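Observations on chain architecture
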Amino acid sequence: MTDSSTPGFLAGAIDPSATTPPFEQLKSHILSAVASGDAAVGTRLPPVRALADALGLAPNTIARAYRELEHVGVLETRGRAGTFVAAPDAVQREAAAAAAAFADRAADLGLTVDAALTLARAALESRLRA
C-alpha cells in the first residue's frame, strides 16, 4: 500500500508473505530502482515516518534500510532536507547494477537471502583470490 506522496518506484516494495525481512526487501527494491534509473540521482525519498505509514511498517525498519543504503553510498541524508539518491561514481553504479541483477535472478530461482549471499560470497572470495 502506498499513498500519493510515495514515489511510484516504491510501490510494491514489500511482500508481507515473503521470508525476506522487510528492511532487506526495501533495500533491494531501492537498489533495483537506482540501478534501472527509476530512482534517478537526486530523487528525494519520503521521510522515514511517512514511508513507514504508507508501507505499513515500523519507522525503525525504514530507518535501517535508509541507513544501510547510506553506508554503501546509494543514499545520502541532507539533514532536515531529507534523504536523496546519491550520485555514485562509475564503479559504484556498475556494482549496484550487478548486485540488483543478481538479486533479481536469485529471487527468480527462489533462493533465500542467506543462500544467495553464501553463493555470492563464495564467488567473490574465489575471484578475488585468483
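A count of helices and strands for the protein gives 5 helices and 3 strands. The N-to-C order of helical and strand elements in the protein reads α-β-α-α-β-β-α-α. Taken against the 2.2 N^0.38 rule, which gives 14 Å for 130 residues, the C-alpha radius of gyration of the protein at 15 Å falls within 12% of a compact globule. Judged by the C-alpha coordinates and their principal axes, the protein covers about 45 × 35 × 20 Å. Across the 130 residues that make up the protein, the buried fraction comes to 29%.

This brings us to the packing of aromatic side chains. Aromatic rings in a pair are described by how distant their centres are and how their planes are angled relative to each other. Evaluation of the coordinates by the stated rule reveals 0 aromatic pairs. It is Arg 64 that lies over the ring of Phe 23; its NZ or CZ is 3.6 Å from the centre. Over the aromatic face of Phe 84 sits the side chain of Arg 78, whose NZ or CZ is 3.9 Å from the ring centroid.

Here we come to the pattern of salt bridges. In this structure the tally under the stated criterion is 4 salt bridges. Put simply, Glu 24 and Lys 27 hold a salt bridge, and the shortest N to O gap is 3.8 Å. Here Glu 24 and its partner Lys 27 are both found in helix 1 (residues 22-36), 3 residues apart, which amounts to about one turn of the helix. Judged by its relative accessible area of 15%, Lys 27 is buried. One salt-bridge network, held together by shared partners, links Glu 24, Lys 27, Arg 64 and Glu 68.

What counts, and at which threshold
- Starting from 1, residues in each chain are numbered consecutively following that chain's sequence as written.
- The predicted origin of the model limits local features to residues at a pLDDT of at least 70 and limits the giving and counting of side-chain atom pairs to 80 or more, whereas totals for whole chains, interfaces and linings rest on all residues.
- No hydrogens and no water enter the side-chain calculation; it runs on all heavy atoms of the structure.
- The way it works is that DSSP assigns letters per residue, a run of H or I at least four long becomes a helix, a run of E at least two long becomes a strand, and they are numbered from the N terminus.
- For this measure, only C-alpha atoms enter the radius of gyration; the expected value for a globule follows 2.2 Å times N^0.38, where N is the number of residues.
- Residue exposure (1.4 Å probe, protein chains only): buried if accessible area is under 20% of the type maximum, exposed if over 50%, otherwise partly exposed.
- Each Phe, Tyr or Trp ring (for Trp, its six-membered ring) is paired with any other whose centre lies within 6.5 Å, and the angle between the two planes then decides the class: stacked below 30 degrees, edge-to-face above 60, tilted in between.
- Sitting over a ring, as applied to charges here, requires NZ of Lys or CZ of Arg to be within 6 Å of the ring centre and within 35 degrees of the ring normal.
- By convention in these notes, a salt bridge is any Lys or Arg side-chain nitrogen within 4 Å of a carboxyl oxygen on Asp or Glu.

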